[in-house]
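# A closer look at the structure
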Amino acid sequence: MKPDKTAQKRLDYRRRITFWYTVLLLTAFLFSFDASGYQGISHVKFRVFLGLSTAYFVAMALLAMDQLLTGQLKGCTPLALWRRAGWSQKLAFLYMGFTWLSAICSPWWPATVLGASRLEGALSITIYCLSFLLISAYGQPNRRLLVVLGVSVTLFCLLCLVQMAGCNPFGLYPAGYGYADAGMAYSGAYLGTIGNVDLVAAFLSLVSPILLYALVRLSGRLRWPLLVPLALALVVLVRMSVMAGLIGAGAGCLLALPVAGVCGSRARRNLALLVGSVVLVGLAAIFWVDFGGELPHQVHMLLHGQAAPSFGSGRLFIWTQVLERVPEHLLLGAGPDAMLFASFTPFTRYDPELGRTIVAQIDAAHNEYLNILYHQGIPALAAYLGVLAVLALGWLRISSKDVGAAILGAGVLGFCVQAFGGISCPLTAPFFWLALGLLAGRVEKISTEVFRDKCAKVY
């Protein structure tokens, strides 16, 4: 019995370390910022993310080294680990490998290690994948983690609303300016301790469905305080009016309803028919009537086969350019986060309020799937989509029985939908890979007990 107790103790250590890593991501990492303002926030948050992840990996490696030195990992070879890993873990490992192959073969190596503009080179993607692998094995979505998420989202959204009211806590905006001066006194729009509003919207499109379905699927009165962060997140999303975030959060909340919202197969079928009907009726209405407004008008024009490069805040213009350049590096891509080196034609837009033309350099595809295709090539994109497909199928299969999977899958769905018009970078991607890892642990049934029995048997 003694060896079993020792093994269980080590596994408990791994669980605790993983729990505190996730807590620190949702607190220390989320609220880190640069004292000089938004201009340096990316580098500060990247250093915090790198530091937390390095400490996490070292701690887990030391535990494994201890077992290795004491002869308790006999038979646990890399090949054995590969064979016993779930499909999502294997595909994530392949995604990491193809990314490094792309980075090394890129004409812009070694800049592809850190990245040219978004700090999402091969190093960041490696950290995403390694954290995903470890969290899928040892992460445990529980009420304590949900409480941390609720408190963090509440504080984050309150800061955003205070900034929207004209205040400048922490001096993140240039002196004398605030959120209302975005696009006039300074380029872009920024909020909270994440920065660019597109990235804020990506974060909220992930957490909003999680909070909603935690309310729907969990029991007990203690879940009702989650209404506060959920309401605040939705208010911030609406007031920011970032279309990718609104569509992503809407998809995560609405489209996940038949899968995550109910348990009975008949109820799920009925809800699926209802949601599908609502979507079809909505598209039909937009097809026949131009309701005005930026998004409804653009969807109306697209449904009639009429598109302008300016649609989607210039995303159609960017996508067209990126697609034209994809064949140049079809197999291995141009290298992670190397688009800035490719000299794309800048996107230009005349702003009547400013009375001048805004010129923006293109350093990302503003569509994560197209972004991976351009930067890392077809094999990397196939591996990435494979991870999502495996977890999506598992989510559909077990969400009626597994509350944790149901909740996490809704959030992942919201983030993946907004990714069609969003960008990925170390400011928000860690939260997505965290949720993805927790979901994989439920879907693939990778628990610490299985890991112990198959890969870390104590003799």
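Preceding this section is the structure that the text describes.
Position numbers for residues count from 1 along each chain, tracking the sequence in the order it is written. Note on the predicted model: pLDDT of at least 70 is required for a residue's local features to be given, and 80 or more for side-chain atom pairs to be given and counted; whole-chain, interface and lining totals, by contrast, use all residues. Hydrogen atoms and water are omitted, and side-chain values are computed over all heavy atoms in the structure.

Attention now moves to the overall build of the chain. A run of H or I in DSSP becomes a helix once it reaches four residues, and a run of E becomes a strand once it reaches two; helices and strands are each numbered from the N terminus. What the chain contains, in helices and strands, is 18 helices and four strands. Summary of the burial criterion: residues with accessible area below 20% of their type's maximum are buried, those above 50% are exposed, and those between are partly exposed, where the area comes from a 1.4 Å probe applied to protein chains only. When burial is assessed residue by residue, the chain has 50% of its 459 residues classed as buried. Within the chain, counting contacts between residues at least 6 apart in sequence, those at least 24 apart form 74% of the total. Shrake-Rupley sampling with a 1.4 Å probe provides the accessible areas, and residues are treated as covered by the protein chains on show and by no other component. By element, 68% of the accessible surface of the chain is carried by carbon and sulfur atoms, the whole surface being about 20800 Å². Residue contacts are counted whenever heavy atoms from the two residues lie within 4.5 Å of one another.

For the rest of this paragraph, the subject is empty space enclosed by the protein. Cavity means a closed set of points on a 1 Å grid over the protein atoms alone, one where a 1.4 Å probe fits but cannot get out, pocket means an open set with protein on both sides within 12 Å along at least 5 of 7 lines, and lining means a residue has an atom within 4 Å of a point. Grid points are joined across faces, edges and corners, and a volume is the space filled by probe spheres set on the points. Per the counting criterion, the structure on display carries one cavity of 30 Å³ or more. Estimates place the volume of the largest cavity at around 170 Å³. No other element matches the five residues that helix α15 (residues 368-398) contributes to the lining of the largest cavity. A breakdown of the residues in the lining of the largest cavity according to their chemical character gives twelve nonpolar, five polar and four charged. Residue polarity follows a fixed list, in which Ala, Val, Leu, Ile, Met, Phe, Trp, Tyr, Cys and Pro are nonpolar, Asp, Glu, Lys and Arg are charged, and the others, Gly among them, are polar.

Further remarks concern the packing of helix α10 (residues 243-254) against helix α16 (residues 403-418). Each axis is a line fitted through C-alpha atoms, taken for helices only over the stretch in contact, and angles between the N-to-C directions span 0 to 180 degrees. Contact geometry of α10 with α16 gives a least axis separation of 7 Å together with a crossing angle of 150°. Relative to α16, α10 is oriented roughly antiparallel. At the point where α10 passes α16, the crossing takes the right-handed sense. Between α10 and α16, the contacting residues are A244, G245, I247, G248, A251 and G252 on the first element and A410, L413, G414, V417 and Q418 on the second. Looking at the contact of α10 with α16 residue by residue, the classes come out as six nonpolar, five polar and no charged. Here the angle decides the label: under 35 degrees means roughly parallel, over 145 means roughly antiparallel, 65 to 115 means roughly perpendicular, and every other value means oblique. Handedness of each helix crossing follows the sense of rotation of the near helix against the far helix: counterclockwise by less than a right angle gives left-handed, clockwise gives right-handed.

Here we come to the pattern of salt bridges. When a carboxyl oxygen of Asp or Glu lies within 4 Å of a side-chain nitrogen of Lys or Arg, that pair is called a salt bridge. Counted according to the given criterion, the structure contains five salt bridges. In this structure, the salt-bridge partner of R118 is E120, at a minimum N-O distance of 3.1 Å. A cluster of three or more residues bridged by salt bridges with shared partners is formed by R118, E120 and D337.

What follows concerns the environment of P336. As for its position among the elements, P336 is in the loop between α14 (311-325) and β3 (347-351). Assessed through its relative accessible area of 1%, P336 is described here as buried. Along the sequence, P336 and T99 sit 237 residues apart, while their C-alpha atoms lie 7.0 Å from each other. Dropping the residues within four chain positions of it, P336 is found in contact with T99, S102, A103, T112, G115, E120, G121, A122, I125, H375 and Q376.

Purely geometric stuff here, so don't read any function into it on its own.
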